[in-house]
Amino acid sequence: MLFNSYEFLLFFPIVTLLFYVLPHKFRWFHLLIASCIFYMYFIPQYILILFATIIIDYVAGIWIEKSDDRKKKIYLVVSIISTCLVLFIFKYFDFFNQNMLALSHRFGFYYPEHTIKFILPIGLSFHTFQSLSYVIEVYKGNQKAEKHFGIYSLYVMFYPQLVTGPIERPQNLLVQLRQEKHFEYANFAAGLRLILFGLFTKMVIADNIAIYADQIYGDPMAYNSISVLKGLFFYSFQIYCDFFGYSTIAVGCAKVMGYNLMDNFKNPYLSKSIGEFWQRWHISLSTWFRDYVYFSLGGNRVKIHRWMINIMIIFVLSGLWHGANWTFVIWGFAHGFFYIVETMIIRMLKLRRSANETIAKIVDAFNVVKTFIIVSFIWILFRASDMHQVKLILKAIFRNIHVKDDFHVEPKTWLFLLLFIILDSFLFNTRFDSWANAKPVVVRWSLYSLLLFLIIVFSSVNNFPFIYFQF
Amino acid sequence: MEKYKTLIYKFLLLAGIIFCFNFIYTKFFFEKDLQKHSPIINSIRKVTDEKNEIIYLGESSNTTFREDDVDKRSISEMISDYYPSRKFGNINKEASHAGIYYTFLEAIPENSNVKTVIVTLNLRSFDASWIYSDLETALQKSLVLIKDHPPLFNRLMLSFKGYDIKSDAEREVQFKKSWTESKLTFEHPFPYDNVTDWDFAMAEKGILNEDGSKNSEATVLACHYIKTYAFQIDTIQNPRIKDFDNIVALAKKRNWNLVFNLMAENIDKAESLVGNELVSFIKQNRDLLVSRYSKKGVTIVDNLTLIGNDEFVDQNWTTEHYSEFGRRLIAKNVSDSLKKFYPKDYKDYVSANKKISSFYNDCEGEIVWGQMQTLTDEIAYSGKMSSKTGQKQDFSISLDYSIRNLPDSLKSISISFQKFQREINNDAKIVIQISGSRFKYQWNGFIVNDIAKSLNKWEEVKLNFPLPDDFYNASVIKIYVFNPTNSLMYVDDMKVDFEK
């Protein structure tokens, strides 16, 4: 089920109302059933894959907790391999085959051509990582194994964050699922505020600018360099507003019932460096890689060349997590590269923030613009279907200076985007619910009214699925 | 308790805000949205504005013509010829079906002048590939704003995709499933359980050429015929039945005369490509529909077998697109059925079976021939317009006609038209072009100024041309003025008479 569908407009109030009406002991069951319905709206049979992952890690968690150190490790490894195997089969099998086939042609060895192609279950990478997070935390002793199969299933399947995160840790979500929640007006209002803002971000901003980004990426050579750059700019905001919008709705849906999910975004386009960007973009994924992979590799407590390798591993894995395509791998590599270059420049030149506040602010502004430009260019790799399309986009940017085109953006699209950029700047390091709550009632309700009106009347009528659904 | 009170107050406030939004949206934004997302509303409004009494609802069968048609008008326009005293209107949308028509009909205000509704009944619209067609999402989306709800609610449904929205891949899964799961039952032993089996067998066996080799093109077409027509309407499950039933109920409620116009299918081709079994399925479905809706008091015009293969525009696909002759036959059939509602208004405007041998175009734009873009109001012999040639506009209006639609035993053509020129032009010609796969191409040009060469005044040009002996082996005849020069020549009131 999509958050921006009319089915969800019915589903959400019913599920929320029943949640508060039912006694605490039945709520896990109610939410689990609701989550199954939510998930099965896409391809119903794929819920079996989800259950396979759940069973593997549920059993593994209990065995890990019971066992001695040696067996613990074996169970952990078996659990990780089994969970990742599901991910590999559905997400990477075809990519692996294609590459093996290409290698077999190049080096002349036999590799059978496989014709099996799986449709990727929605949100597979998200719930796989959430499930892995549980077994690793149990292994580390930070989390007790969950004995209640229903509650554990709900931890993996909790509908607000089931398909595109945030990727929660058991210490945060599993604990909350056991707590009795009482209706609190503050939570309820905060949740609705977040849902409203999330819907506005996705439906009014992301979906309206998606048309223009698609237009440019569809046939870049037909457009003037400036138009292609506008397309890049639009895509940067499309992907941000799309994913940020979804995450905000997810956090809001959980908040209405009194559950706190982690924030996935903190104004990423106001970052002054690539490093800071990754502290503000898809936070639940970057902290997952940091905690479970980067630290295991030694983090930054190693020699410089080893640290560089660690960084590259993290970013390349992050790219591969997004999609089974070389464009994603190179996208991750490019982020790693710029991260290392920036860090090395700062270290070597021993750059520090200027004591003069004005100069410091000018430098900050320059860095924000620089980071945005780098990130926007790297997004080309993320959006393009293959490297050929990447080449076409770059060619169009640098060669189509004199090409005449009819790329016209409706003024209202610019206006909405400007409105979002202003709002996003106001929300620097704060969340919409708390920011709005601090405003006088008239301002607050005027803002709600404006957002509601824009959502109903100016949402795009074209169907653009959430971009991160494919991951 | 206090917190629940706060909640209730806030919900009331929200309800008030939404009420205001509906007012603002209706006043300032709704019309623009309607024009952008549901332009069909204009046809529906026209029905009311023009006070139409009889309306015809159709799909592409009512908007398609063949290139060589002289009269390129739609079936509904041809029907209106028979009832000149009644106001006719039509609502056309490509790929429509009864579910779409029902929404259109619901949108017609109750105080409209509509008395009779003619609804296209397309047999193929009951088939899975149409029910689950990839065009369905766009069609359903175009209906959201015209539904009978507050405009703001309709816009909300459009924003939140509150209609049957599915990807092409999802729809493909649906119709393929239906082809496999819907069983085919036949009165005598029949080797195939379902469409998928039959289709597979046809693809395997194929249609053979005379030399025994497989004719791929014909085989693909035969498979397509099977997938399109091999079904048996399930009156409980088939959604079209519900749609037509809804239309019947609505007509009853509004007190409309209801006519279902069951369209002709290419039975000749179905039989020659696939065989009698397929034709039996088609006829079985026809019989079921005719019986079901006759019992409900609907007037059914059964055109199923009315039109022969040659009159179908698309020879390599299944459509209900007919030549002018085919459209005339259907129009005649429908107008006959309307006699019982309007006995005194019927006028035998033109016999549907009569083959026409006289053609006239006054260049006023009402009679559609080829090259209509040459019409200009710069100068005219009669009325306000004429056809302008010269200066890179080489061809005048052109009569393009299918020879099989002409009467037999014709011996010659008599052509006359008015021309206006300001200078002598020895290159402009009147052309009679005859072509066909079984005929040696003929291009006969006669210099206009050899016949009439007055300057700065209108002058009649007349020409007689004997038809070749093998004229009836040809397919198409074209008559026009060809002027590849920079010297202008205007043509008006062109008349062509085929004579015995």
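The model shown is predicted, which means the values in this text are computed figures rather than measured ones.

### Describing the overall build of chain A
Thought 1: When its secondary structure is counted, chain A shows 18 helices and zero strands.
Thought 2: Over its C-alpha trace chain A gives a radius of gyration of 23 Å, about what one expects of a compact globule, namely 23 Å for 471 residues.
Thought 3: Its C-alpha atoms put chain A at 70 × 65 × 55 Å along the principal axes.
Thought 4: Every one of the 471 residues in chain A was classed for burial, and the buried ones make up 39%.

### Notes on the domain arrangement of chain A
Residue and element names in this part refer to chain A.
Thought 1: Split into domains, chain A comes out as domain 1 (6-109 + 116-182) and domain 2 (186-283 + 347-470).
Thought 2: Taken over C-alpha atoms, the centre of domain 1 sits 28 Å from the centre of domain 2.
Thought 3: Every contact between the two is made by 16 residues of domain 1 and, on the other side, 17 residues of domain 2.
Thought 4: Among the elements of the structure, α1 (6-21) and α7 (170-178) are those that each provide at least two residues to the side of domain 1 that touches domain 2.

### What about the domain arrangement of chain B?
Residues and elements named next belong to chain B.
Thought 1: When cut into domains, chain B gives domain 1 (37-338) and domain 2 (358-499).
Thought 2: The C-alpha-based centres of domain 1 and domain 2 are spaced at 38 Å.
Thought 3: Every contact between the two is made by eight residues of domain 1 and, on the other side, 10 residues of domain 2.
Thought 4: Of the residues that constitute the side of domain 1 that touches domain 2, the class distribution is two nonpolar, one polar and five charged.

### Considerations on the environment of Val491(B)
Residue and element names in this part refer to chain B.
Thought 1: With respect to the secondary-structure elements, Val-491 resides in strand β15 (residues 489-499).
Thought 2: What makes Val-491 buried here is the crowd of 26 C-beta atoms within 10 Å.
Thought 3: If we ignore the near neighbours within four places in the chain, the residues touching Val-491 are Ser-386, Ser-387, Thr-389, Ser-396, Ile-397, Phe-417, Lys-419 and Val-481.

### Describing the environment of Gly191(A)
All names here are of chain A.
Thought 1: Position of Gly-191 relative to the elements: it lies in helix α8 (residues 185-218).
Thought 2: Along the chain, Gly-191 and Ile-33 lie 158 residues apart, while their C-alpha atoms are 21 Å from each other.
Thought 3: Those residues in contact with Gly-191, other than ones at most four positions away along the chain, are Gly-252, Cys-253, Lys-255 and Val-256.

### Some remarks on the interface of chain B and chain A
Thought 1: With 18 residues of chain B in contact, the opposing surface of chain A contributes 14 residues.
Thought 2: Secondary structure elements with two or more residues in the side of chain B that touches chain A: α1 (2-28) and α8 (151-159) of chain B.
Thought 3: With six residues, the top contributor of residues to the side of chain B that touches chain A is α8(B).
Thought 4: Along the lines of polarity and charge, the residues of the side of chain B that touches chain A split into 10 nonpolar, four polar and four charged.

### A few points about the sheet that holds strand β11 (residues 429-435) of chain B
Residue and element names in this part refer to chain B.
Thought 1: The antiparallel open sheet is built from four strands, whose spatial order is β9-β14-β11-β12. Each edge of the sheet is formed by a strand with only one pairing partner; in this case those strands are β9 (399-402) and β12 (442-447). Recorded for the sheet is a direction-independent mean angle of 10° between the axes of neighbouring strands.
Thought 2: In the sheet, β9 pairs with strand β14 (residues 476-482) via four bridges, with the strands oriented antiparallel. Each residue of the ladder has a partner; that of Asp-400, found in β14, is Lys-478.

Rules and cut-offs
- Residues numbered from 1 in each chain as written.
- Chains lettered and ligands numbered in written order.
- Predicted model: local features only at pLDDT ≥ 70, side-chain atom pairs only at ≥ 80, totals over all residues.
- Helix = DSSP H or I, 4+ residues; strand = E, 2+ residues; numbered from the N terminus.
- Rg over C-alpha atoms; globule rule 2.2 N^0.38 Å.
- Buried ≥ 20, exposed ≤ 12 C-beta atoms within 10 Å, placed from the backbone.
- Domains from an automatic or database assignment.
- Contact = placed C-beta atoms within 7 Å.
- Nonpolar A, V, L, I, M, F, W, Y, C, P; charged D, E, K, R; others polar.
- Pairing = 2+ DSSP bridges.
- Axes fitted to C-alpha atoms, helices over the stretch in contact; angles between N-to-C directions.

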